Amino acid sequence: MPGKWLQKILTTVYTLLLYGFIFLPVVVLVLFSFQDSRLPIMPFKGATLRWYEAVLADSRLIDSLINSFIVAMSSSVVAVVLGFLAAYALARFHLPAKGLQRALLTAPLTVSYLIIALGLLIMFNALGVAPSLWTVGIGHVVINTPLCFAIIYSQMGDHQVNIERAANDLGANEWQTLLLVTVPMMLPSILASFFLAVTFSWDEFIISFLLSRFEVTLPVEIWSMLRSGLNPKTNAAGSLVFMISIVLLLVAELLVFRRIKQK
Amino acid sequence: MTATVEIKQVSHRFGDFTALNNINLTIEAGSFAVLLGPSGCGKTTLLSVLGGFLHPTAGSVHLGGTDVTNVPPAKRATTTMFQDYALFPHMNLQDNVGFGLRMQGQSKKQRLSKSAELLALVGLEDSKRKKPHELSGGQRQRVALARALAVNPDVLLLDEPLGALDLKLRRQMQDELKAIQRRIGTTFIHVTHDQEEAMAIADKIIVMNEGQVEDQGTPESIYLKPKTVFSAAFMGEANLLQGRIDKFADDIITVNTDLGQFSLNKKCCVNSNVNVNDNVKICFRPEHVLAQDNTMDNNVNLGNTRVSDRAFFGSHQRCQLLADDGKTYIANLPQSQLIKNDSVMQLRINSESIVVLLA
């Protein structure tokens, strides 16, 4: 019996340590965003919302937040459309060098964002394209398309082929089949990949940093705030980003993963 | 609506593999035809060719006299009921059933009334707002049938539709399919590997093997007068005795077999081109073995056998009889006959029911 108790205690301690390791930094960040002092360091001197007020009053921060939102939404839509079409093509048609094409499509997942960002920077320079939100968006499409492809492709099975055939058999042309049957049928994985792409784009730093100039995204703006030293306002900005990610995650959970579980 | 289906010299190859080898077939309008054969015999390939999902390597398909070989599935007057039902998972039943009508550009009102009518035909009128995942296998089956029939096809193609159902439900669905086919008169072409299912529903059975048509005809003719050894063995149980034609005389043929020589009426030869010295198989069904007290004159006696095993099957007893040639023959004998294991009994067969097939 004592062995069993020991086992229970050890697993509990291990679990607590694990979650502490993952979430403690975030908890500290959020806690000190309420710090009633000029420095986000121990000891905690009482709660205030003035740093949040300062964040919302900072037009550069708000502008960068809007920029991040635009880039995340538009690059994710493009990445999902491209990823879906690539998955559809590879899952449904006989293509030359299928394995190679699949490998090429997913390969960017293994390349570091720094390398991708450098490559894009050099290429845009050579083409004479100035850094802007557009180039950041293109960068995010590059990193998120493989992800969307991989998620959607993994959910495209042979059992759906007959469903598409049935639609075709009942008089639907290729576009009708795609829009009325395939897309709605794949909606859970399409939405899942979209939300994942949005969160990845939302807090991506290195590509946004290297490929933007005057208009920047939120992580880049936070980074430039950090250069002037630690400040609870930075914590407040970081906490806002974190909260938006949480909201996105909840929406994804409610919209997508519940539906997948139902099936 | 209904149409005659003609398949003319259709062959299909997948790479080096010949899936269909020169198939010629006519299926009358309004009949219920069954393509029967073991897996890999080409029956599903043939159905795909009929549905337009596969373009045959050679040959042509005609519906109601029109060549449709190059007509895509969407434009063909056939609909397919798929083995896995292939219902649209994101649509409720009435939208599933109404999908084909929507593609034809019919109004929502027309679609709803037609899908209600068809859901009523298959007994699911109360579930029209349910999604497919809320249904049982048998119900999904019915929705697939209603959806396929909604567009008034001339020919309905059914790809092993009952394969996933349990035995009792399968029997029930067979009866329903047949009743619905009688009512609407559409030509049904049904694929199965289950010979009992084929006999239960078919007007015409087409036995296929290795990409070829082995035999075709009514269930009775295929069971009682199979044209090939494969057809005989696939369609129910058959005892096969090795033999050789000894001589032909008028209406009588004489065969030498491993169990002795005997004579049969020429009608027993279903192949007209049998010659003296041809190797043949003498085929007889287990129920054609005569009971010991049967005094019918017209019988062939294959000598004494030893009962190596017997089992009681309710309507009959199934006995394994070990004959002199070292082979075991199956006999279904009446319940009333007293049979003991290891007892000796004569193997006598009603000679009119024997079929002589080229080996």
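Residues numbered from 1 in each chain as written. Chains lettered and ligands numbered in written order. Predicted model: local features only at pLDDT ≥ 70, side-chain atom pairs only at ≥ 80, totals over all residues.

### Structural notes on the packing of helix α2 (residues 93-103) of chain B against helix α3 (residues 108-121) of chain B
Residues and elements named next belong to chain B. At a minimum axis separation of 9 Å, α2 and α3 run at an interaxial angle of 120°. One finds that α2 runs oblique with respect to α3. Relative to α3, the crossing made by α2 is right-handed. The segment α2 lies against α3, with L93, Q94, V97, G98, L101 and R102 engaging Q110, R111, L112, K114, S115, A116, L118 and L119. (Axes fitted to C-alpha atoms, helices over the stretch in contact; angles between N-to-C directions. Helix = DSSP H or I, 4+ residues; strand = E, 2+ residues; numbered from the N terminus. Parallel < 35°, antiparallel > 145°, perpendicular 65-115°, else oblique. Left-handed = near helix turned anticlockwise from the far one by under 90°. Contact = placed C-beta atoms within 7 Å.)

### With respect to the nonpolar core
In terms of nonpolar packing, the biggest core is built from 101 residues, with V34, L35, A144, A146, I189, I206 and V356 of chain B touching the most fellow members. Ranked by the residues each element gives to this core, the list is headed by helix α4 (residues 137-150) of chain B, at 7 residues. In contact with A146 of chain B, other than residues within four places in its own chain, are V97, L118, L119, L121 and V122 of chain B. Of all hydrophobic cores here, the second largest spans 30 residues; its members include V71, L147, F194 and A197 of chain A. (Core = buried A, V, L, I, M, F, W, Y, C linked by C-beta atoms within 7 Å. Buried ≥ 20, exposed ≤ 12 C-beta atoms within 10 Å, placed from the backbone.)

### Describing the pairing of strand β2 (residues 17-27) of chain B
Residues in a regular strand project their side chains so that they alternate between the two faces of the sheet. Pairing geometry for strand β1 (residues 5-14) of chain B and β2 of chain B, over 7 bridges, is antiparallel. Paired with I7 of chain B across the bridge in β2 of chain B is L25 of chain B. (Pairing = 2+ DSSP bridges.)

### Considering the environment of S263 of chain B
Residues and elements named next belong to chain B. Looking at where S263 falls in the secondary structure, it is placed in strand β13 (residues 260-265). In this structure, the C-alpha to C-alpha distance between S263 and K247, residues 16 residues apart in sequence, is 9.3 Å. Non-local contacts of S263, meaning those with residues more than four positions away in its chain, are made with I252, I253 and T254.

### Remarks on the sheet that holds strand β6 (residues 78-81) of chain B
Residues and elements named next belong to chain B. Taken in spatial order, the 6 strands line up as β6-β7-β8-β3-β9-β10 in an open sheet, and their pairing is mixed. The open sheet has two free edges, formed respectively by β6 and β10 (212-217), since each of these has just one partner strand. Going from strand to strand, the sheet's axes swing by 20° on average, the running direction of each strand aside. Summarising the sheet, strand β7 (residues 155-159) and strand β8 (residues 187-192) pair through 5 bridges and their orientation is parallel. The partner of D159 across the bridge, within β8, is V191.

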